[in-house]
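# Fold and geometry: a report
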Amino acid sequence: MTGLRKENPFDDLRRTSEKLVARLKAEVKSEPLQEWQQKGKKLVAKIHAEVKQAKIDDDARFLKTWLDKPLVTGAVYPSSKALARKMASYVDPESLGPVVELGPGTGPVTDALLARGIAEERLVLVEFNPEFCALLARRYPKATIVQGDAYALETVVAPHLKKPAAAVVSSLPLFTKPERLRLELLNRAFGLMVPGAPFIQFTYATVSPVPRKGGSFEAHVSPRIWKNLPPACVWVYRRLQA
Ligand SMILES: C[S@@+](CC[C@H](N)C(=O)[O-])C[C@H]1O[C@@H](n2cnc3c(N)ncnc32)[C@H](O)[C@@H]1O
């Protein structure tokens with residue numbers, strides 16, 4: 001409009017910050033600035049300690065469960081961020097439908113799935129250990145937590161799926177089970193997923209955790225992820241389309 005000065009886009013921002021500074025000054029009057037700074041530093045230290053503690057707790061929790069039930073827990077430490085990220089990278093964030101995680105433990109792979117852009121509401125977390133389930137329910141309140149045996153996919157998992165799953169992401173210690181059961185698990189998982197969807201599995205071993213001979217699926221293996229204790233590979237299986 002003519003005759004009126006056009007407002008600088010930063011004027012609004014400047015006014016807001018001036019108001020904020022004025023408010024801060026008024027509040028600081030009642031308490032010296034140094035005290036404010038000290039309070040802030042203490043708060044930051046407390047947050048740091050809590051974050052550190054949470055990590056130690058997860059490692060300790062895991063170690064304790066491994067000592068109690070080594071074959072079920074299957075690992076001494078939770079998966080590293082690098083391994084979890086690799087697993088999640090095989091889930092298409094554009095896909096639709098639930099994403100099933102078998103053996104989420106304390107949730108490192110779950111975190112990676114969320115970071116990959118999978119909405120928490122889509123996650124169905126199937127865990128045997130009741131303590132881990134309680135922890136998962138606190139950490140992922142919008143996810144569906146199923147306490148039970150992941151090998152019983154049809155009875156334990158299927159009732160929680162409103163649609164065919166977009167992926168199954170497994171950290172189960174498969175080598176503790178006979179080959180026949182591993183193959184059955186894979187075929188049952190294919191039955192719950194949309195055609196072509198991936199079954200993603202990590203392993204510390206150098207061979208496929210699901211026997212490949214005679215299977216009607218294709219398999220892909222990632223390079224070894226060295227930033228994990230012990231180093232691991234990720235296998236991705238897809239049912240062959242007719
Ligand atoms: C190797 S840990 C992996 C945990 C976590 N995903 C990670 O990467 O750190 C295997 C997890 O599978 C769970 N688990 C083992 N057998 C299971 C079963 N039959 N059904 C459900 N969960 C099982 C264990 O309790 C444990 O939490």
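Here goes a summary of the coordinates provided.

Cut-off values and rules
Residues numbered from 1 in each chain as written. Predicted model: local features only at pLDDT ≥ 70, side-chain atom pairs only at ≥ 80, totals over all residues. Core = buried A, V, L, I, M, F, W, Y, C linked by C-beta atoms within 7 Å. Buried ≥ 20, exposed ≤ 12 C-beta atoms within 10 Å, placed from the backbone. Contact = placed C-beta atoms within 7 Å. Near = placed C-beta within 6 Å. Helix = DSSP H or I, 4+ residues; strand = E, 2+ residues; numbered from the N terminus. Nonpolar A, V, L, I, M, F, W, Y, C, P; charged D, E, K, R; others polar. Right-handed = clockwise from strand over helix to strand, strands pointing away. Pairing = 2+ DSSP bridges. Axes fitted to C-alpha atoms, helices over the stretch in contact; angles between N-to-C directions. Expected span 1.5 Å × (residues − 1). Arc of directions from axis to C-beta. Parallel < 35°, antiparallel > 145°, perpendicular 65-115°, else oblique. Left-handed = near helix turned anticlockwise from the far one by under 90°.

## Quick word on the nonpolar core
Grouped together as the largest cluster of nonpolar side chains are 48 residues, with contacts concentrated most on Met87 and Val99. The contacts of Val99, once residues within four sequence positions are left out, are Val91, Leu113, Ile118, Arg122, Leu123, Ala165, Ala166, Ala167 and Val169.

## Re the site of the ligand
The environment of the ligand is formed by 22 residues, the closest being Ser79, Gly103, Gly105, Ala150 and Ser171. For the shell around the ligand, the secondary-structure elements that each account for two or more residues are helix H3 (70–73), helix H5 (108–115) and strand E2 (123–127). A per-class count over the shell around the ligand returns 13 nonpolar, 7 polar and 2 charged.

## Let's talk about the pairing of E2
For E2, a buried count of 5 out of 5 residues is recorded, marking the element as mostly surrounded by other parts of the structure. Side chains Leu123, Leu125 and Glu127 project from E2 onto one buried face, and the interleaved Val124 and Val126 project onto a second face that is buried too. In this view, the connection linking strand E1 (residues 99–102) to its parallel neighbour E2 by way of H5 has right-handed handedness. Two strands pair when backbone bridges link them, and E2 and strand E3 (residues 144–147) are joined in this way by 4 bridges, in the parallel orientation. The partner of Glu127 across the bridge, within E3, is Gln147. In terms of handedness, the path from E2 via helix H6 (residues 130–139) over to E3 forms a crossover that is right-handed.

## Concerning the sheet that holds E2
Across the sheet, 7 strands lie side by side as E3-E2-E1-E4-E5-E7-E6; this open sheet has mixed pairing. Each end of this open sheet is capped by a strand with a single partner; those strands are E3 and strand E6 (217–221). Each strand axis lies, on average, 20 degrees off the axis of its neighbour in the sheet, ignoring direction. By the bridge criterion, 3 bridges tie strand E4 (residues 167–170) to strand E5 (residues 199–203) in an arrangement that is parallel. Considered in E5, the bridge of Val168 is made with Phe199.

## Side note on helix H8 (residues 179–192)
Counted at 1.5 Å a residue, the expected span for H8 with its 14 residues is 20 Å, and the 20 Å between its end C-alpha atoms agrees. Among all positions of H8, only Arg182, Leu185, Leu186, Ala189 and Leu192 are buried. Taken down its axis, H8 places every buried residue within 125 degrees of arc, on the same side. Residues of H8 that are exposed and angled more than 90 degrees away from the buried face: Arg180 and Gly191.

## Some thoughts on the pairing of E1
The alternating pattern of E1 places Val99 and Glu101 and Val100 and Leu102 on opposite faces, both of which are buried. Relative to E2, E1 runs parallel, the two sharing 4 bridges. Residue pairing across strands places Leu102 opposite Val126, the latter belonging to E2. Across 4 bridges, E1 lies against E4 in parallel orientation. Note that in E4 the partner of Glu101 across the bridge is Val169.

## Structural notes on the packing of helix H4 (residues 81–89) against H5
In the contact formed by H4 and H5, the axes pass within 8 Å of each other and the chain directions differ by 55 degrees. Overall, the two elements H4 and H5 adopt an arrangement that is oblique. At the point where H4 passes H5, the crossing takes the right-handed sense. Counted together, Lys81, Ala84, Arg85, Met87 and Ala88 of H4 and Pro108, Val109, Asp111, Ala112, Leu113 and Ala115 of H5 form the full contact between these two elements. A breakdown of the residues in the contact of H4 with H5 according to their chemical character gives 8 nonpolar, no polar and 3 charged.

## Notes on H6
When we look at burial in H6, the residues that qualify are Phe132, Leu135 and Leu136. Projected down its long axis, H6 shows its buried positions confined to an angular sector of 100 degrees, all on one face. Across H6 from its buried face, at more than 90 degrees, point the exposed residues Pro130 and Arg138.

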